[in-house]
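Topology and contacts: notes
Here is how the chains run, residue by residue.
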Amino acid sequence: MYKLIRSILFLWQPEQIHDFAISTIKLLDKIPVIPNLIRLFYNYRKPVLEREVFGVKFSNPVGLAAGFDKNGDAFNAIANFGFGFVEIGSLTPREQEGNPKPRCFRLTKDQAIINRMGINNKGIKHAISYIQKHRNSCPIGCSITKGRETPMADAYKDYELCFEYMYDFVDYFVLNVSCPNVKDAASNQSLENITPIIDKLLELRIMYDEYRPILLKISPDVEREYLDDVINLVLISGLDGIIAANTTANRDNLKSSKVYISKVGKGGLSGKPLYNRTLELVKYIRHKTRGHLPIIASGGIMTPQQALELLDNGASLVQIYTGWIYNGPKFVKKINKYIAKTLTERKLQTSQKA
Ligand SMILES: Cc1cc2nc3c(=O)[nH]c(=O)nc-3n(C[C@H](O)[C@H](O)[C@H](O)COP(=O)(O)O)c2cc1C
């Protein structure tokens, strides 16, 4: 059924459909009884899915990745579709338009998307005014980054502003230093540039009574040496986890025509082709940190089996974005059902053996 709806929706540009989807989800949330029906239909709750990661309680391990609810003004309605958490943003202190349109493209043959949105968002004040009125029990992550015009030397000020304003309204923070679609994308994530940002935020956090975990979102395109350094930095500084990973600039092994891919041009690729790299990163980070650092796996999850494979190999939580678009709203429930069934069977087998 969703395949049919998808083929109709895919007649429009991805960004048009995204905006339409957000408006529809928000509209449905305002109609009495509908949110209850959505929850009834899409939620899947089992104690075996519950977990506590970096001090935050999650009803299930499947979250919505950053970039879908960019403005933080639909998270509550989106959560009704069964997500264990929703990451809003990436937010910048002030509203910004992002790159010129069109800036989002489907690679249907690859079950992928290329985007160069450029962190379009309505800024932190807009997000706060919405969250204040609509907060529910679903944990909210807040992805923050620097504004387009802010020079790197002042980047920490933007992160500080976002952090301080959003502190009382969200459950954890993500430092998005790995967006491939902004000016100086490569140098944004250099250790030299991210260390002062991390130091500032950790210093600020001490002043608050309540603890808010801070995670770093890395690019899948990083070299081994950088990865080792960044893992060390996260461990030594006392950050609470890593999100592996953002979209990729890599275009290897795609099924879509080369002509079309080159016509699309620059941007971060998400979806199916990312999966192997995500798994590789998760395994590596787990190995390097001896399993002591929470990892959120993001990138290319298109089946419930892949979500569980990432959890089995070191991820504490998983996030989906492109997979939700290609597989439809029921995808979250499918993943959770599969994970719950498999974990329950495993428990049963262990108890039978004992
Ligand atoms: C259209 C689009 C916009 C995105 N915007 C953001 C963003 O603002 N901040 C961020 O950290 N990641 C952003 N991402 C990356 C996703 O959060 C995710 O890490 C990535 O798409 C890989 O997951 P997926 O293969 O499940 O889509 C965006 C992805 C897409 C497709």
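Refer to the structure printed above.
Scope of this entry: the structure provided in the associated data block. (Residues numbered from 1 in each chain as written. Predicted model: local features only at pLDDT ≥ 70, side-chain atom pairs only at ≥ 80, totals over all residues. Heavy atoms only, no water.)

Topic: unusual backbone geometry
For clarity, the cut-off: Strands here mean DSSP runs of E at least two residues long; helices mean DSSP runs of H or I at least four residues long; both are numbered from the N terminus.
The omega torsion across glycine 89 and serine 90 is 15°, close enough to zero to call that bond cis. Topologically, serine 90 is positioned in strand β4 (residues 85–91). Along the chain, alanine 244 connects to alanine 245 via a cis peptide bond; the corresponding omega equals 10°. Tracing the backbone shows alanine 245 in the loop between β10 (241–244) and α10 (258–264). The phi dihedral of isoleucine 119 falls on the positive side, at around 55°, and the residue is not glycine. The topology assignment puts isoleucine 119 in the loop between β6 (112–115) and α5 (124–134). Phi is positive for arginine 290, which is not a glycine, with a value near 50°.

Looking at the packing of helix α12 (residues 304–312) against helix α14 (residues 331–353)
Operational definition: Working convention: axes come from line fits to C-alpha atoms, limited for helices to the stretch in contact. Angles between N-to-C directions cover 0 to 180 degrees. Roughly parallel means an angle under 35 degrees; roughly antiparallel means over 145; roughly perpendicular covers 65 to 115; every other angle is labelled oblique. The sense of a crossing depends on the near helix, which, turned anticlockwise from the far helix by less than a right angle, makes the crossing left-handed and, turned clockwise, makes it right-handed. Note on contacts: a residue pair qualifies if any of its non-hydrogen atoms lie within 4.5 Å across the two residues. Lys, Arg, Asp and Glu make up the charged group, whereas Ala, Val, Leu, Ile, Met, Phe, Trp, Tyr, Cys and Pro make up the nonpolar group; the residues left over, Gly among them, are polar.
For the pair α12 and α14, the least separation of the axes is 8 Å and the interaxial angle reads 55°. Put simply, α12 runs oblique to α14. Viewed along their axes, α12 and α14 form a crossing whose handedness is right-handed. Listed contacts from α14 to Pro304, Gln305, Ala307, Leu308, Leu311 and Asp312 of α12 are Phe331, Lys334, Ile335, Tyr338, Ile339, Thr342, Leu343 and Arg346. Of the residues in the contact of α12 with α14, the class split is 9 nonpolar, 2 polar and 3 charged.

Here's the deal with the site of the ligand
Here is the rule we go by: Proximity is defined per residue: any heavy atom of the residue falling within 4 Å of a molecule or strand makes that residue near it. Polar contact criterion, stated in full: a pair of N or O atoms within 3.5 Å, where within protein one must be able to donate a hydrogen and the other to accept it, and residues adjacent in sequence count only if both atoms are side-chain atoms. Per-residue accessibility takes into account occlusion by the displayed protein chains alone, with areas from the Shrake-Rupley method and a 1.4 Å probe.
Taken together, 22 residues surround the ligand, and among them Ala66, Ser90, Ser298, Gly300 and Thr322 come closest. Interatomic distance of 3.2 Å between a side-chain N/O atom of asparagine 176 and an oxygen atom of the ligand. Calculation on the ligand without its partners gives an accessible area of 600 Å², and the protein chains cover 97% of this total. Contributions of two or more residues to the shell around the ligand are made by β4 and β11 (268–271).

Considerations on a nonpolar patch on the surface
As a reminder of what qualifies: Candidates for patches are residues over 30% relative accessible area with no salt bridge; among them, like charges are joined within 9 Å and nonpolar side chains (Val, Leu, Ile, Met, Phe, Trp, Tyr) within 5 Å. Salt bridges are identified by distance alone: a Lys or Arg side-chain nitrogen within 4 Å of an Asp or Glu carboxyl oxygen.
A cluster of nonpolar side chains, namely Leu4, Ile8, Leu11 and Trp12, defines an oily patch on the protein surface of about 460 Å² accessible area. Its place among the elements puts leucine 11 in the loop between α1 (2–9) and α2 (14–30).

Observations concerning the environment of isoleucine 242
Relative to the helices and strands, isoleucine 242 is located in strand β10. Contacts of isoleucine 242, omitting those with residues within four sequence positions, involve Leu215, Leu216, Ile218, Ile231, Val234, Ile285, Leu293, Pro294, Ile295 and Ile296.

Quick word on the pairing of strand β5 (residues 104–107)
Regular strands have side chains that alternate between both faces of the sheet. The condition that has to hold: For each residue, the accessible area found with a 1.4 Å probe, counting protein chains only, is set against the maximum for its type, and the residue is called buried under 20%, exposed over 50%, and partly exposed in between. Any two strands with at least two DSSP-identified bridges between them are counted as paired.
With burial as the criterion, each face of β5 is covered, one bearing Cys104 and Arg106 and the other bearing Phe105 and Leu107. Looking at chain direction, β5 and β6 are connected through 4 bridges and run antiparallel. Bridged to leucine 107 within β6 is alanine 112. Between the antiparallel neighbours β5 and β6 lie 4 residues, among them glutamine 111 with a positive phi of about 50°.

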